Amino acid sequence: MKKGLLLVMGLLLSLVLVACNNDSSAPNEEATQDIKEKVHEYSVGTFEDVTASITSHELIVTDNGKKTSFDLPEDEFFVSIAPFVGTTHECGIHSLTGCQGELVEKDFDVHIQDEEGNVVVDETIASLENGFIDLWLPRDRTYQVKIEYDGKTVESEISTFKGDNTCVTTMQLT
């Protein structure tokens with residue numbers, strides 16, 4: 001009887017330990033996905049009385065005068081690039097709901113590599129309706145960016161350190 005009771009208690013304890021397993025990666029991954037989805041929604045959506053901008057460390061949303069901030073992932077940096085041929089604007093902090101680039105819904109060949117030569121992005125990416133290419137890159141690095149479109153090319157360096165620009169409007173295709 002004692003042996004059976006010990007066995008049942010051991011099984012129950014095992015179940016409790018499994019159920020209480022504090023795997024912190026799942027909630028962090030979920031929170032990261034949620035903030036990325038929120039950023040994307042503001043990039044592609046149309047909103048009344050709502051503005052959203054994104055710094056190197058937070059998403060700032062103002063809805064009918066009420067300002068709310070959301071922390072960005074610790075290991076990823078958001079940057080939005082608007083390659084252009086003739087028209088651009090000065091910008092440092094990207095307004096997800098306000099910035100407008102010249103080349104809307106165009107396909108760009110984007111190649112990005114870090115300072116060690118590791119390729120981070122090498123694909124064709126369509127700019128959004130706002131003319132920007134939104135990217136999430138690893139933080140605290142410097143990158144060489146090459147963008148090609150319609151026989152024109154631009155190369156530039158960007159970085160993803162705290163305080164760096166999230167809006168890149170200086171990449172003129174020639």
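That block above? That's the structure.
Calculation rules
Residues numbered from 1 in each chain as written. Predicted model: local features only at pLDDT ≥ 70, side-chain atom pairs only at ≥ 80, totals over all residues. Heavy atoms only, no water. Core = buried A, V, L, I, M, F, W, Y, C linked by side-chain atoms within 4.5 Å. Buried < 20%, exposed > 50% of the residue type's maximum accessible area, 1.4 Å probe, protein only. Helix = DSSP H or I, 4+ residues; strand = E, 2+ residues; numbered from the N terminus. Contact = heavy atoms within 4.5 Å. Pairing = 2+ DSSP bridges.

Q: Pulling in residues and values, what's your account of the nonpolar core?
A: Grouped together as the largest cluster of nonpolar side chains are 21 residues, with contacts concentrated most on Ile81 and Ile147. Taken together, the elements giving at least two residues each to this core come down to strand E4 (76–81), strand E6 (107–114), strand E7 (119–126), strand E8 (133–138), strand E9 (142–149) and strand E10 (152–159). Setting aside its immediate chain neighbours within four residues, isoleucine 81 contacts Gly131, Phe132, Ile133, Leu135, Val145, Ile147, Ile158, Val168 and Met171. Counting residues in hydrophobic clusters, the runner-up holds 11 residues, among them Ile35, Val61, Phe78 and Leu96.

Q: Tell me about the sheet that holds strand E3 (residues 66–71), residues and numbers included.
A: Within the open sheet, the four strands sit side by side as E3-E2-E1-E5. Their pairing is antiparallel. Here the strands that pair on one side only, and so sit at the sheet edges, are E3 and strand E5 (94–95). Relative to E5, strand E1 (residues 50–54) runs antiparallel, the two being bridged by two bridges. The partner of serine 53 across the bridge, within E5, is serine 95.

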